[in-house]
Amino acid sequence: MFKVNDNYLKLPGSYLFSTIGRKVREYKEANPDKDVISLGIGDVTQPLAPAIIDSLHKAVDEMAVKETFRGYAPDLGYEFLRNAIVKNDFEARGAKVTADEIFVSDGAKSDSGNIQEIFSADNKIAVCDPVYPVYVDTNAMAGRTGVYNKDTELWSDVIYMPCKAENGFAPEFPSEVPDIIYLCFPNNPTGATITKDALQKWVDYANEHKAVIIYDAAYEAYISEDNVAHTIYECEGARTCAIELRSFSKNAGFTGTRLGYTVVPKDLKDADGTALNALWARRHGTKFNGAPYIIQRAGEAVYSEEGKRQTREQIAYYMNNAKIIKEGLASAGYSVSGGVNAPYIWLATPNGMTSWEFFDHLLENANVVGTPGSGFGPSGEGYFRLTAFGTYENTVEALERIKRL
Ligand code: MLT
């Protein structure tokens with residue numbers, strides 16, 4: 001008789017954004033006349049840039065012609081895209097990454113969930129707390145996280161690195177040395193980031209302890225300050241200790257079309273000298289048939305001169321929303337951070353409300369949806385995340401409503 005993978009049964013509740021989606025649906029059903037504004041999930045609202053749309057049309061037309069039709073994509077991705085990535089995302093930043101170290105995928109969410117598969121089941125992970133839930137959930141599915149404690153909301157075998165106001169929302173080196181360290185900068189959910197010098201220290205730490213860093217750089221396009229690394233490979237020694245996850249969702253609006261990539265340097269080897277690049281290529285070849293040709297052409301267009309200019313304008317649009325949210329909340333007396341190098345604003349909930357109490361309060365009294373900080377981990381309790389990915393009009397309206405509370 002078949003049995004399910006009982007690691008799945010240990011997972012608490014439902015996925016954070018599914019829970020929020022259900023609550024909002026229920027509220028809307030009960031209150032059909034209310035105009036609910038979502039600043040919850042980090043989903044973009046601006047249409048794809050014209051350069052990307054042109055490229056999509058062209059690629060679709062190619063698929064209608066025998067000579068230019070494409071079937072299965074190469075499983076690591078088309079060279080035209082991987083070469084554009086190398087040139088623009090790495091060479092332009094003085095970082096050494098080659099096209100055969102790039103693995104094109106359907107997005108950073110899948111990659112951030114799947115990458116743990118190539119590590120030993122008894123490897124110990126360290127995560128920031130609060131954290132993007134996918135990192136922990138997928139390690140729990142793989143049986144790597146031990147026992148879940150409902151009261152503390154912590155897993156017994158996970159090393160948590162609390163990121164709170166007291167430490168500037170930046171993780172500190174844990175007392176127990178991890179095997180796998182998840183870092184995300186600019187950070188989801190706090191919107192905080194660390195300097196390139198601080199990131200260098202993590203790279204040195206990982207090399208010294210033979211740990212691997214899984215570096216989620218999905219929000220790098222939002223960096224506005226100097227001395228913040230856009231890629232971990234700007235740091236010396238990162239090629240021997242870091243995997244980087246990248247996304248086209250937030251920098252170019254591909255949340256619906258899906259595209260991302262992962263960098264696994266050939267210099268990255270485990271304690272026995274096994275190269276992770278070959279292992280990930282093996283996994284990719286077995287489990288993935290490549291991102292669609294038309295979407296990879298759209299990705300290539302992001303790196304065209306027009307594409308770069310147009311996507312920069314979109315990022316400026318969202319960062320203007322971030323400024324409106326941050327300044328609006330601060331003027332209403334909220335304690336706020338983030339929103340400078342990231343499209344997320346992190347606020348302390350008022351009047352000692354829990355994160356979920358504030359979620360209900362905001363939904364019911366302002367008809368605004370945000371994300372409860374505690375959904376990202378226990379250190380997020382008492383915090384709340386608002387996203388800058390709404391439209392300008394909705395962002396202004398949401399802030400007016402919040403100020404009137
Ligand atoms: C978020 O809201 O945290 C993100 O949009 C989720 C994601 O990128 O998967």
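Residues numbered from 1 in each chain as written. Predicted model: local features only at pLDDT ≥ 70, side-chain atom pairs only at ≥ 80, totals over all residues. Heavy atoms only, no water.

1. Quick look at the overall build of the protein
- The helix and strand tally for the protein stands at twelve helices and 15 strands.
- For a compact globule of 405 residues, the expected C-alpha radius of gyration is about 22 Å, and the protein comes in at 21 Å, within 12% of that figure.
- The dimensions of the protein, computed from C-alpha atoms along their principal axes, are 55 × 55 × 50 Å.
- The buried share of the protein, reckoned over its 405 residues, is 55%.
- Considering only contacts in the protein between residues 6 or more positions apart, those separated by 24 or more positions represent 73%.
- Put simply, the protein shows about 17,700 Å² of open surface, and 51% of that area lies on carbon and sulfur atoms.
- Separation between the mean location of the 41 positive side-chain charges and that of the 54 negative ones in the protein comes to 3 Å. (Helix = DSSP H or I, 4+ residues; strand = E, 2+ residues; numbered from the N terminus. Rg over C-alpha atoms; globule rule 2.2 N^0.38 Å. Buried < 20%, exposed > 50% of the residue type's maximum accessible area, 1.4 Å probe, protein only. Contact = heavy atoms within 4.5 Å. Areas by Shrake-Rupley, 256 points an atom, 1.4 Å probe, with all protein chains shown as cover. Lys, Arg positive; Asp, Glu negative; His and termini not counted. Charge placed at Lys NZ, Arg CZ, Asp CG, Glu CD.)

2. A short note on the packing of aromatic side chains
- The full count for this structure, using the stated rule, is 27 aromatic pairs.
- An angle of 85 degrees between the planes, with centres 5.5 Å apart, marks the rings of Tyr-132 and Tyr-135 as edge-to-face. Of the two residues, Tyr-132 and Tyr-135, both sit in the buried class.
- Through pairs of rings, three or more aromatic residues link up here, namely Tyr-15, Phe-17, Phe-169, Trp-346, Phe-376 and Tyr-383.
- Directly above the aromatic system of Tyr-344 lies the positively charged group of Arg-385, at a separation of 3.9 Å from the ring centroid. (Phe/Tyr/Trp six-rings, centres within 6.5 Å; stacked < 30°, edge-to-face > 60°. Lys NZ or Arg CZ within 6 Å of the ring centre and 35° of its normal.)

3. A word on the site of the ligand
- Close to the ligand lie Phe-17, Ile-41, Gly-42, Lys-109, Tyr-132, Asn-188, Lys-250, Tyr-344 and Arg-385, which account for all nearby residues.
- Side-chain polar atom of Lys-250 to an oxygen atom of the ligand: 2.8 Å apart, as the coordinates give it.
- Across the shell around the ligand, the residue classes break down as four nonpolar, two polar and three charged.
- Two domains each put at least three residues into the shell around the ligand: domain 1 (13–47 + 307–403) and domain 2 (53–305). (Near = heavy atom within 4 Å. Polar contact = N/O pair within 3.5 Å; in protein donor to acceptor, adjacent residues only side chain to side chain. Nonpolar A, V, L, I, M, F, W, Y, C, P; charged D, E, K, R; others polar. Domains from an automatic or database assignment.)

4. Looking at the sheet that holds strand β10 (residues 260–263)
- The seven strands lie next to each other as β2-β10-β9-β8-β7-β3-β6, forming an open sheet whose pairing is mixed. Two strands bound the open sheet, and with one partner strand each, they are β2 (102–105) and β6 (159–162). Strand-to-strand twist across the sheet, computed as the mean angle between neighbouring axes with direction ignored, equals 20 degrees.
- Direction of pairing for strand β8 (residues 212–216) relative to strand β9 (residues 242–247): parallel, over a ladder of four bridges. Of the residues in β9, the one forming a bridge with Ile-214 is Ile-243.
- Across the sheet, helix α8 (residues 276–287) lies against β2, β9 and β10, angled at about 25 degrees from β2, the strand it touches most. (Pairing = 2+ DSSP bridges. Axes fitted to C-alpha atoms, helices over the stretch in contact; angles between N-to-C directions.)

5. What to know about helix α9 (residues 293–302)
- Of all ten residues making up α9, eight are buried, and the element is well covered by its neighbours.
- Inspection of α9 places Tyr-293, Ile-295, Gln-296, Arg-297, Ala-298, Gly-299, Ala-301 and Val-302 among the buried residues, and these make up the whole buried set.

6. A look at the environment of Ile-243
- Here Ile-243 shows up in strand β9.
- The class of Ile-243 is buried, set by a relative accessible area of 0%.
- When the C-alpha positions of Ile-243 and Ile-115 are compared, they lie 9.1 Å apart, and in sequence the two are 128 residues distant.
- The contacts of Ile-243, once residues within four sequence positions are left out, are Ile-115, Phe-119, Val-212, Ile-213, Ile-214, Tyr-215, Tyr-233, Thr-262, Val-263, Val-264, Leu-268 and Leu-276.

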